[in-house]
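Letter by letter, the chains look like this.
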Amino acid sequence: MAERSSFVVVANRLPVDEVINDDGERQWRPSPGGLVTALHPVLAEHQGTWIGWAGGDGEAPEPFELEGIRIHAVPLSNDELERYYEGQSNATIWPLYHDAVETPVYKRRWRETYRLVNQRFAEAAAEVAEEGATVWVQDYQLQLVPAMLRELRPDLRIGFFLHIPFPPIELFMQMPFRAEVLRGLLGADLVGFQQRLAAQNFVRLARHLLGLRYEGQSIQVDGRKVKAGAFPISIDTKDMERLAADPKVQARAKEIRAELGDPETIILGVDRLDYTKGIELRLKAFRELLADGKLKVGDAVMVQVATPSRERVEHYQTLRVRVEREVGRINGEFGRVGVPAVHYLHQSMPKAELAALYAAADIMMVTPLRDGMNLVAKEYVASRADRGGALVLSEFAGAATEMRQAFLCNPHDPDGVKDALLRAVGAEPADLKRRMRTMLRHLRSHDVAAWAKSFLDELSDAADLSTPDQP
Ligand code: ADQ
């Protein structure tokens with residue numbers, strides 16, 4: 001039997017990567033990420049457990065400890081991965097929750113597997129959580145877990161955080177097992193969102209779909225209170241600042257500028273290759289500015305890093321074709337021998353190389369059609385030790401609520417995107433510095449550790465309120 005913990009995180013993915021050593025043995029090394037950085041102190045202090053999938057479709061490893069965190073793997077077969085993860089999570093829920101910018105696909109057997117896998121995660125949490133423990137469930141892949149877990153273990157304090165947007169009622173109502181998903185989330189004591197609007201959508205949906213009463217952000221469910229709230233996620237600001245200021249990273253940034261031919265303006269995009277991120281519209285804006293003669297190849301160059309993502313899902317395969325066709329078109333029409341207009345990198349890279357790219361870029365374009373938060377925007381601001389650079393940011397990214405000093409644009413309006421980009425290109429250095437300084441000040445006080453603390457403090461209050469008759 002697994003050891004029990006007073007603090008448990010449940011997420012689709014474990015914060016570890018598999019490595020095979022020279023003797024052919026399977027080993028695990030930590031995989032750094034914002035969430036694990038933020039939660040590491042809490043997990044280490046409470047001998048906490050992280051429950052998740054270890055990657056791969058082989059046998060799940062036995063529970064083990066890594067850097068003070070107990071790792072508890074949940075197995076997934078290849079079929080389950082296809083239906084629960086690629087299907088229901090990434091071809092149904094992901095597009096639906098992002099304004100249906102691609103058409104969501106609904107399949108009965110995907111839903112059934114989603115339910116089965118969510119039950120497996122809930123059982124794992126019920127097994128490792130000690131009496132009265134706090135369990136924090138993460139994201140859209142696991143929306144049924146809170147209610148399933150409460151059914152198994154009513155003694156637990158359960159929090160849920162959604163990293164992506166929560167859609168308005170009209171869209172949510174499309175989903176075939178909509179009431180089950182909503183009831184799943186309502187199993188938590190606190191349901192956290194990136195945005196206040198998302199929390200409002202959720203509370204209104206509870207009344208619309210299940211006829212539940214609410215007061216402010218607090219919903220009455222079966223004699224319990226479920227609180228909804230906004231907790232905008234962030235980055236490890238200090239760590240990002242430190243990395244970007246590292247002399248090796250700074251030297252690499254200079255080298256990148258030189259390799260690009262020391263142009264006046266480097267325009268950068270860094271995204272998972274996802275149709276929500278607005279990569280195509282950004283390329284199109286750049287192409288039109290070249291065609292209009294407002295930007296000139298050689299003076300301006302664009303670098304687009306597109307991390308491979310969800311490559312077995314059809315929406316993503318067609319997106320890759322469209323993006324690569326557009327890159328080819330721009331370079332074909334406007335490039336010269338040895339001087340392409342767009343540098344396109346379909347690859348993952350070390351954080352230090354990303355930091356060097358951020359430090360080298362004059363303009364960072366973050367233009368999602370819809371995004372829960374967008375950490376790239378925040379990483380860019382933290383990377384500019386010189387307070388130079390400009391951020392062009394979509395109003396539809398959660399980050400836009402906090403980063404009002406960015407050059408904001410509506411990604412659905414191509415002229416608006418072009419205009420924001422040109423305003424950023426032509427801005428005075430003093431103006432840029434003022435904007436960057438204000439945004440950085442905000443990120444320093446609102447980092448990912450502050451995010452985790454505010455959620456967990458609120459969860460502790462919400463759980464006390466929701467069970468008033470407990471001794
Ligand atoms: P994502 O959609 O994955 O996250 P985002 O917030 O931008 O998007 O985070 C991407 C992360 O991946 C960043 O930390 C970035 O540095 C890293 N990254 C990007 N390209 C990379 C590359 N080529 N190599 C290495 N690293 C790369 C979801 C939601 C977001 C929300 C986050 C966190 O969609 O809206 O901000 O969760 O809640």
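All figures in this text were calculated on a predicted structure; none of them were measured in a lab.

**Notes on the nonpolar core**
Okay, so step 1: If you look at the biggest cluster of nonpolar residues, it comprises 101 residues, and the most contacted ones within it are Tyr97, Phe166 and Phe202.
Okay, so step 2: Counting residues per element, this core draws most heavily on helix 3 (residues 108–128), which supplies nine residues.
Okay, so step 3: In this structure, this core is formed jointly by two domains, domain 1 (5–233 + 450–466) and domain 2 (237–445), each of which donates at least three residues.
Okay, so step 4: By size, the runner-up hydrophobic cluster in this structure holds 71 residues, among which are Ile233, Ala356, Leu408 and Val448.

**A few points about the site of the ligand**
Okay, so step 1: Around the ligand, a shell composed of 22 residues is seen, among which His163, Thr307, Asp371, Met373 and Glu379 lie nearest.
Okay, so step 2: In this structure, an oxygen atom belonging to the ligand sits 3.0 Å away from a side-chain N or O atom of Lys277.
Okay, so step 3: Here a nitrogen atom of the ligand and a backbone polar atom of Gln347 are 2.9 Å apart.
Okay, so step 4: For the ligand, whose unbound accessible area comes to 720 Å², protein coverage reaches 83%.
Okay, so step 5: Listing elements by their share of the shell around the ligand, those giving two or more residues are strand 13 (265–272), strand 14 (300–307), helix 12 (351–360) and helix 13 (375–383).
Okay, so step 6: Taken together, the residues of the shell around the ligand sort by class into 10 nonpolar, seven polar and five charged.

**Focus: the pattern of salt bridges**
Okay, so step 1: Taken as a whole and judged by the stated rule, the model has 36 salt bridges.
Okay, so step 2: As a salt-bridge pair, Arg115 and Glu180 come within 2.6 Å of each other at their nearest N and O atoms. Here Glu180 lies in helix 6 (residues 178–185) and Arg115 lies in helix 3, a separation of 65 residues in the sequence.
Okay, so step 3: Judged by its relative accessible area of 31%, Arg115 is partly exposed.
Okay, so step 4: Judged by its relative accessible area of 26%, Glu180 is partly exposed.
Okay, so step 5: Between Asp189 and Arg150 there is a salt bridge, with its nearest N and O atoms 3.1 Å apart.

**Section: helix 11 (residues 314–334)**
Okay, so step 1: In this model, helix 11 (21 residues) spans 31 Å end to end at C-alpha, consistent with the 30 Å of a helix rising 1.5 Å per residue.
Okay, so step 2: Taken together, the buried positions of helix 11 are His315, Tyr316, Leu319, Val323, Glu326, Val327 and Ile330. End-on, the buried residues of helix 11 take up no more than an arc of 100 degrees, which puts them together on one face. Pointing more than 90 degrees away from the buried face of helix 11 are the exposed residues Glu314, Arg325 and Gly332.
Okay, so step 3: Those residues of helix 11 hidden inside the fold are in contact with helix 2 (78–97), helix 10 (279–291) and strand 15 (342–345).

Rules behind the numbers
Residues numbered from 1 in each chain as written. Predicted model: local features only at pLDDT ≥ 70, side-chain atom pairs only at ≥ 80, totals over all residues. Heavy atoms only, no water. Core = buried A, V, L, I, M, F, W, Y, C linked by side-chain atoms within 4.5 Å. Buried < 20%, exposed > 50% of the residue type's maximum accessible area, 1.4 Å probe, protein only. Helix = DSSP H or I, 4+ residues; strand = E, 2+ residues; numbered from the N terminus. Domains from an automatic or database assignment. Near = heavy atom within 4 Å. Polar contact = N/O pair within 3.5 Å; in protein donor to acceptor, adjacent residues only side chain to side chain. Areas by Shrake-Rupley, 256 points an atom, 1.4 Å probe, with all protein chains shown as cover. Nonpolar A, V, L, I, M, F, W, Y, C, P; charged D, E, K, R; others polar. Salt bridge = Lys/Arg side-chain N within 4 Å of Asp/Glu carboxyl O. Expected span 1.5 Å × (residues − 1). Arc of directions from axis to C-beta. Contact = heavy atoms within 4.5 Å.

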